[in-house]
Each structure stands twice: as C-alpha cells, then as structure tokens.
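Residue-level structure breakdown
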Amino acid sequence: MARDGELERLTAMLGECLGRIDEGAFRLQQLGDTDDPASLEQLLEQETASLQNTVEDLVASVTDDDEVCDARAVLESAIGERVAEIPVPIVVRTHIPDDLPLVRCAATELLCVVRRALKLATGSVLPGDELALRARSDAEAIVVDLGCHCANCDLHMQQRATTLCEFVAGVGGHCLVDMDDDGQVRITMELPKATVCGDS
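Keep in mind that what you see is a predicted model, and the values were worked out from it rather than measured.

Description of the sheet that holds strand β5 (residues 184–192)
Here we have 5 strands laid out as an open sheet, ordered β1-β2-β3-β5-β4, and mixed in their pairing. Because the sheet does not close on itself, it has two edges, and the strands there are β1 (91–95) and β4 (174–179). Strand-to-strand twist in this sheet, taken as the mean axis angle between neighbours without regard to direction, amounts to 10°. As paired strands, strand β2 (residues 130–137) and strand β3 (residues 141–149) are joined by 6 bridges and run antiparallel to one another. Along β3, the bridge assignment pairs Arg-134 with Asp-145. Contacts between helix α4 (residues 107–121) and the sheet are confined to β2, β3, β4 and β5, with β5 contributing the most and set at about 170° to the helix.

Written out as structure tokens, the structure reads:
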C-alpha cells in the first residue's frame, strides 16, 4: 500500500513537471516583447533536470519482478483518458487482442508509461488527425505501436522522447520514437511479457 502511494506521488510529480515544460516551451515559441528568452531557457533546463530525477525515482520504486498486469485493460484505460483530455475531435483506431498476455510490471507503472507515450504522440494534434494504436505479442515481449500526426516536433519534444525511452528501458523494456519531416510520430514500445507457470 505504501509503495502504491509513493508511485502515485511520483507519477503526479512527473505530470506536473511535464506540464511546466510544455508551458515553457510554448511561451518560448510565442515570445513577446516582455518575455526574457534566457529566463525561459533556464526554466526549461531546470525542469528537465527535475524530470530526469523524478523518472529515476520512479524506476527505482518499481523493481518488483513478481508483479504482472493486464496490458489490454491498461491500454484501453489510458487511451480513454487521453482522448477525453484532447480539446479537438480526432480519429482513434485501435487493435488490442482480447488474449494479449500479461506484462511483467505493476499496473501503475505501465499506466504511467502508456500515458506518457500517448501525450507525446498527441501533444499538438489538429482536428481530424488520427491516433492509431496496435498491440501484439511477440516471443518475449508485448509490442505496442503508436502513430499520430504532430504539428510541432521541436527540440523539447525530442528531449521528452529521450526521457520516455529511458523510462521504458528502466522497467525492462525498449522504446523507439521516430519523428519524420511531415510531422508523423511513431512510437514502438516493447514491454516485458510475464512468464506464466507451465510455459515452456
């Protein structure tokens, strides 16, 4: 119970920190006569450092290899949350098999990962853009592919992509983020599959 409370606290801190980074990045892009770019850049550097520390604390707090969770339930929950947050209408296409195996991590941990990936992919969507999510099971991993159009693939988004990859690696998975010149973002996450007793 105490561990779950710590995870919730760190997850909330992570969201707040990322929110401040998003706000600072937006202000930097929309500089007015009264804005100080040096001050905004310093704020972003401080928040990026804080973000890294929070991610490291999160990874350190979720080291129980015996925990497993229902990947399908977590993915569906995270998608519903994110779509409800987006202020413009978008098209959502998902393929999540009913028999998707369990993931070897806590549900809170996986939810945090998927939330971050969804926010990264949909950070600057436009009305009518499409979010596509496909999940499948490979030999040793659950693979989640995310694709979406992003109107603003800037340096700070690239930094957040690096942070996401580091976090996924910290929980035993692998993540690849690709952003092309047309604004298409693709995120592929390989998550550790739980080993069920009796499997060969």
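Details of the side chain of Thr-122
You can see Thr-122 is positioned in the loop between α4 and β2. Given a relative accessible area of 2%, Thr-122 falls into the buried group. Sequence-distant contacts of Thr-122, defined by excluding residues within four places in its chain, comprise Arg-82, Ile-86, Leu-131 and Cys-148.

Structural notes on the pattern of salt bridges
Evaluated as defined, the whole model comprises 8 salt bridges. Between Arg-72 and Glu-76 there is a salt bridge, with the nearest N and O atoms lying 3.3 Å from each other. Here Arg-72 and its partner Glu-76 are both found in helix α3 (residues 71–85), 4 residues apart, which amounts to about one turn of the helix. For Glu-76, a relative accessible area of 38% gives the class partly exposed. Asp-145 is paired through a salt bridge with Arg-186; the nearest N and O atoms lie 3.5 Å apart. Remark: Arg-186 occurs in strand β5 and Asp-145 occurs in strand β3; sequence separation between them is 41 residues. Through salt bridges with shared partners, a single network forms among Arg-136, Asp-138, Asp-145 and Arg-186.

Points about the pairing of β3
Among the 9 residues that make up β3, 9 are buried, leaving the element largely enclosed by the rest of the structure. Alternating residues of β3 divide into Ala-141, Val-143, Asp-145, Gly-147 and His-149 and Ile-142, Val-144, Leu-146 and Cys-148, and every residue in both groups is buried. Adjacent in sequence and paired antiparallel, β2 and β3 are bridged by 3 residues. When β3 meets β5, the two strands line up antiparallel, connected through 9 bridges. By the bridge assignment, Asp-145 is partnered in β5 with Thr-188.

So, the pairing of β5
The pairing of β4 with β5 spans 6 bridges and is antiparallel. Residue pairing for β5: Val-177 is matched across the bridge by Ile-187. From the end of β4 to the start of β5, which pair antiparallel, there are 4 residues, and Gly-183 there has a positive phi angle of about 90°.

About the criteria used
Residues numbered from 1 in each chain as written. Predicted model: local features only at pLDDT ≥ 70, side-chain atom pairs only at ≥ 80, totals over all residues. Heavy atoms only, no water. Pairing = 2+ DSSP bridges. Helix = DSSP H or I, 4+ residues; strand = E, 2+ residues; numbered from the N terminus. Axes fitted to C-alpha atoms, helices over the stretch in contact; angles between N-to-C directions. Contact = heavy atoms within 4.5 Å. Buried < 20%, exposed > 50% of the residue type's maximum accessible area, 1.4 Å probe, protein only. Salt bridge = Lys/Arg side-chain N within 4 Å of Asp/Glu carboxyl O.

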